[in-house]
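Overview (structure and organization)
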Amino acid sequence: MSLPLLTACLRSQTTCRSFSAALLQLSSHTRANTTHFSHSAGLSAQRCTALVYRNHGDPSQVVQLEDVDLPSIGAKEVLVKMLAAPINPSDINMIQGTYAILPDLPAVGGNEGVAQVVEVGSQVKSLKTGDWVIPRDAGLGTWRTAAVLAEDDTISLPSDIPLLSAATLGVNPCTAFRMLSDFEDLKPGDSVIQNAANSGVGQAVIQIAAARGINTINVVRDRPEFTQLSDRLKAIGASHVIKEETLRRPEMKELFKSCPRPKLALNGVGGKSATELLRHLQVGGSMVTYGGMAKQPVTVPVSALIFKDVKLRGFWVTQWKRDHSHDEGAFRAMMDELCSLIRQGKLTAPACTELGLQDYRKALDAATQPFTSAKQVLVM
């Protein structure tokens, strides 16, 4: 199935039905003594609490906390208890209806998170009770207390890594890992320049690059607490932290006396910021665009193409996962390397604010504010 967010096959059925519809069978009458998630039998009668949206729009307006029926566990499915799930920009865009993929409505929000397996179907082979798992793909709907998921829609993680690291591992660190690995042959001593350096992806880039001996030039928007932010990014491995306006100043020549011009530029902003990154690339270097927070197009000077022969690429981690859905080794190897960095203390979760599911409005409002310095994480 190309879109696990839309469908899940249930036991004794020959066709797939909408996963969102299966999950969102809301009761038409009040049930006496309704219990939420438990380990008891009769799982088809169990319910969970979920953040549901029935229309696209402002997340704080269209998302509602609801009790939702859980389907029976199929032979190749698992019942999981969600432990923690972050709020990412892609989650907000999906609710707004502006993302590249959209689930059928009504839908449960959230594309990332970590869960614990509490029951397995009779034909499940790769998972056991107690395992931690994260979604393989976007759209499973992680903002809920429990779920029934297909075995093939999850990948296991070691349960000895920090909860917040596990909850935020599937999107931003994977994006950073692939961009640092797949576009330029980076060696220790090489340089990477990136904007949006304070984002979740940016912080992961800093740490993974530092672990590989790669310099990072990290561009952030000016703000009153710039010094504190710079110190924090340097504490996790940033080589240089500069303001966007510095990209156009003579100070850059001084900076390149201490590190080589970058082979790779990572663009999460677009607009003028992306154009300025291009100016500092080595001849033949690559700029990879993975986001567009400025909501402005990338403008490329003709001189950069003719005289520097720069390469312009795009990256979407969801597409990478789908392209490698049958390549268990590639995904597993990436997870293992990232978890190894976490265990060594070389890759930490971004600054997070933990909130209960009932505080979802506060979390959604905070997640949409500019200059947000902490990722909002819903802890179940």
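In short, a report on the structure. Note that the structure is predicted; figures quoted are calculated from it, not measured. (Residues numbered from 1 in each chain as written. Predicted model: local features only at pLDDT ≥ 70, side-chain atom pairs only at ≥ 80, totals over all residues. Heavy atoms only, no water.)

This part is about the side chain of Q207. In this fold, Q207 is placed in helix α6 (residues 200-211). From its side chain, Q207 meets the backbone nitrogen of T348 in a polar contact 2.7 Å long. (Helix = DSSP H or I, 4+ residues; strand = E, 2+ residues; numbered from the N terminus. Polar contact = N/O pair within 3.5 Å; in protein donor to acceptor, adjacent residues only side chain to side chain.)

Moving on: the pattern of salt bridges. With the rule as written, the count across this model stands at 15 salt bridges. The partner of R136 in a salt bridge is E328, with the nearest N and O atoms 2.6 Å apart. You can see R136 sitting in the loop between β8 (132-135) and β9 (146-150) and its partner E328 sitting in helix α12 (residues 328-343), a full 192 residues away along the chain. As a salt-bridge pair, D137 and R322 come within 2.8 Å of each other at their nearest N and O atoms. Separated by 185 residues along the polypeptide, D137 in the loop between β8 and β9 and R322 in helix α11 (residues 317-323) bring together distant segments of the chain. By relative accessible area, which is 9% here, D137 ends up buried. Under the relative-accessibility criterion, R322 is labelled buried at 19%. (Salt bridge = Lys/Arg side-chain N within 4 Å of Asp/Glu carboxyl O. Buried < 20%, exposed > 50% of the residue type's maximum accessible area, 1.4 Å probe, protein only.)

Turning to the packing of aromatic side chains, a few remarks are in order. Summed over all chains, the structure comprises three aromatic pairs. Measuring from ring centre to ring centre gives 6.2 Å for F183 and F315, while their planes differ by 90°; the resulting arrangement is edge-to-face. You can see F183 sitting in the loop between α5 (172-182) and β11 (191-194) and its partner F315 sitting in the loop between β16 (311-314) and α11, a full 132 residues away along the chain. One exposure class covers both F183 and F315, and it is buried. With a centroid separation of 6.2 Å and 90° between ring planes, the pair formed by W320 and F331 is classed as edge-to-face. In this pair, W320 sits in helix α11 while F331 sits in helix α12, placing the two residues 11 residues apart along the sequence. (Phe/Tyr/Trp six-rings, centres within 6.5 Å; stacked < 30°, edge-to-face > 60°.)

Counting residues in each nonpolar core, the largest one holds 42 residues, and the members touching the most others are M335 and L338. Residue contributions to this core peak at seven residues, all from α12. Beyond its immediate sequence surroundings of up to four residues, L338 is in contact with L169, P173, C174, F177, I208 and L347. If you look at the next biggest cluster of nonpolar residues, it comprises 19 residues, including A85, A107, A138 and L364. (Core = buried A, V, L, I, M, F, W, Y, C linked by side-chain atoms within 4.5 Å. Contact = heavy atoms within 4.5 Å.)

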